[in-house]
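For reference, the chains in residue letters:
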Amino acid sequence: MNNFGKSKTKDINPIALFLIILISSFLVFLVNGIAYYVLLGMSFVVVLLFSYLEAIKRVSIYLGLYVLIKILSYIDLGLTTGAIIGLIALVLKLYPIFNIGRVLILTSPLKIMAALRKVHFPQMVSIALVTALRYLGELESRIKEIRNGMRVRGLKISPLHPVRSFEFYLIPLIYKCLQVSETLTSSIITRGIEYEGEKTSYNPIYFGILDYIVIFSFLMVFALWRLEG
């Protein structure tokens, strides 16, 4: 990610991000009302600490989905409307997890590997986890490339032809995924991941005050939930 729009605040430790994702995964299904909106607000703060531009983007998407669900509530298309509203409502409910997960995806894989190595996480699991996160970031870029290619060729997706529209994305995405897998494999080998000696990191990875504050803030939502109950 480029530096434009990047927050000057110290980055949150990747381990702290994993922990608050785990905490949020429980909280989104437990809390409602004020406690949920506190959780949602804190997830936006985490994004804001990472990038101002990404925070604006995430807020815009949330507001857009919220407005859309309100509009659809006045449209009666039978089961179709109910299914769409239910899907959007689920996305909004899980949005705190998506926010934190987005930050984790955009975090440097080297920082994530260094953080996992600090806590003596199994290397094979660390490699698989970092590769999956990196792949998700690459997937978004590849989809944009496909969309631009479709625009140049005059191809358009249509809700009237869902199978054909799906093929426009699926076929090129399969080939691009194969290219990404080769690139990631070469990158892993180049960085000497198979070397069994002690590894170091250019950036010191440690738990700071910000990490403890963020984790404690998310844990406090449990207390707020109990008070509401």
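These figures come from a predicted structure and were not determined experimentally.

**Student:** Could you give me a rundown of the confidence of the model for the protein chain, with the residues and numbers involved?
**Tutor:** Put simply, the protein chain has an average pLDDT of 79, and 74% of its residues get 70 or more. Scored below 50 in pLDDT, residues 1–9 shows 19 contacts in the model against residues more than four places distant or in partner chains.

**Student:** Can you tell me about the UniProt feature "transmembrane region" (unreviewed entry) in the protein chain, naming the residues and giving the values?
**Tutor:** The UniProt record annotates "transmembrane region" (unreviewed entry) at residues 12–30, 36–53, 60–77, 83–107 and 205–225. Overall, residues 36–53 shows 94% helix and 0% strand. The separation of its end C-alpha atoms is 24 Å. Along residues 83–107 one finds 92% helix and 0% strand; the C-alpha atoms at either end are 34 Å apart.

**Student:** Tell me about a nonpolar patch on the surface, residues and numbers included.
**Tutor:** There is a patch of nonpolar side chains on the surface, built from Tyr-66, Val-67, Ile-71, Tyr-74 and Ile-75 and spanning about 540 Å² of accessible area. Within the secondary structure, Ile-71 sits in helix α3 (residues 52–72). Taking relative accessible area as the criterion, Ile-71 reaches 46% and is therefore assigned partly exposed.

**Student:** Any chance you could break down helix α2 (residues 33–50) for me, citing the residues and the numbers?
**Tutor:** Taking 1.5 Å as the rise per residue, α2 with 18 residues should run 26 Å; its terminal C-alpha atoms sit 27 Å apart, in good agreement. Buried within α2 are the following residues: Ala-35, Tyr-36, Leu-39, Leu-40, Met-42, Ser-43, Phe-44, Val-46, Val-47, Leu-49 and Phe-50.

**Student:** A description of the side chain of Asn-13 should follow, citing residues and the corresponding values.
**Tutor:** Residue placement: Asn-13 occurs in the segment before α1 (14–30). Reaching out from Asn-13, the side chain makes a polar contact with the backbone nitrogen of Ile-15 at a distance of 2.8 Å. Among all residues touching Asn-13, those that are not within four sequence positions of it are Ala-115, Ile-205, Tyr-206, Phe-207 and Asp-211.

**Student:** Which residues make up the nonpolar core, and what are the values?
**Tutor:** One recurring pattern in soluble globular proteins: nonpolar side chains tend to sit buried together. In this structure, Leu-17, Ile-20, Val-46 and Phe-218 are the most contacted members of the largest nonpolar core, which totals 45 residues. Looking at this core, the elements with two or more residues in it are α1, α2, α3, α4 (79–93), α5 (95–106), α6 (109–118), α7 (123–153) and α9 (209–228). For this core, the element with the highest residue contribution is α2, accounting for ten residues. Looking at which domains feed residues into this core, each of domain 1 (14–107 + 208–228) and domain 2 (121–191) supplies at least three.

**Student:** Any chance you could break down the environment of Lys-70 for me, citing the residues and the numbers?
**Tutor:** Position of Lys-70 relative to the elements: it lies in helix α3. Put simply, Lys-70 and Ile-85 are 15 residues apart on the chain and 8.9 Å apart in space, counted from C-alpha to C-alpha.

Criteria and thresholds
Residues numbered from 1 in each chain as written. Predicted model: local features only at pLDDT ≥ 70, side-chain atom pairs only at ≥ 80, totals over all residues. Heavy atoms only, no water. pLDDT = per-residue confidence, 0-100. Contact = heavy atoms within 4.5 Å. UniProt positions renumbered as here; feature names shortened; annotations may be inferred. Helix = DSSP H or I, 4+ residues; strand = E, 2+ residues; numbered from the N terminus. Patch = residues over 30% accessible without salt bridge, like charges linked within 9 Å, V, L, I, M, F, W, Y side chains within 5 Å. Areas by Shrake-Rupley, 256 points an atom, 1.4 Å probe, with all protein chains shown as cover. Salt bridge = Lys/Arg side-chain N within 4 Å of Asp/Glu carboxyl O. Buried < 20%, exposed > 50% of the residue type's maximum accessible area, 1.4 Å probe, protein only. Expected span 1.5 Å × (residues − 1). Polar contact = N/O pair within 3.5 Å; in protein donor to acceptor, adjacent residues only side chain to side chain. Core = buried A, V, L, I, M, F, W, Y, C linked by side-chain atoms within 4.5 Å. Domains from an automatic or database assignment.

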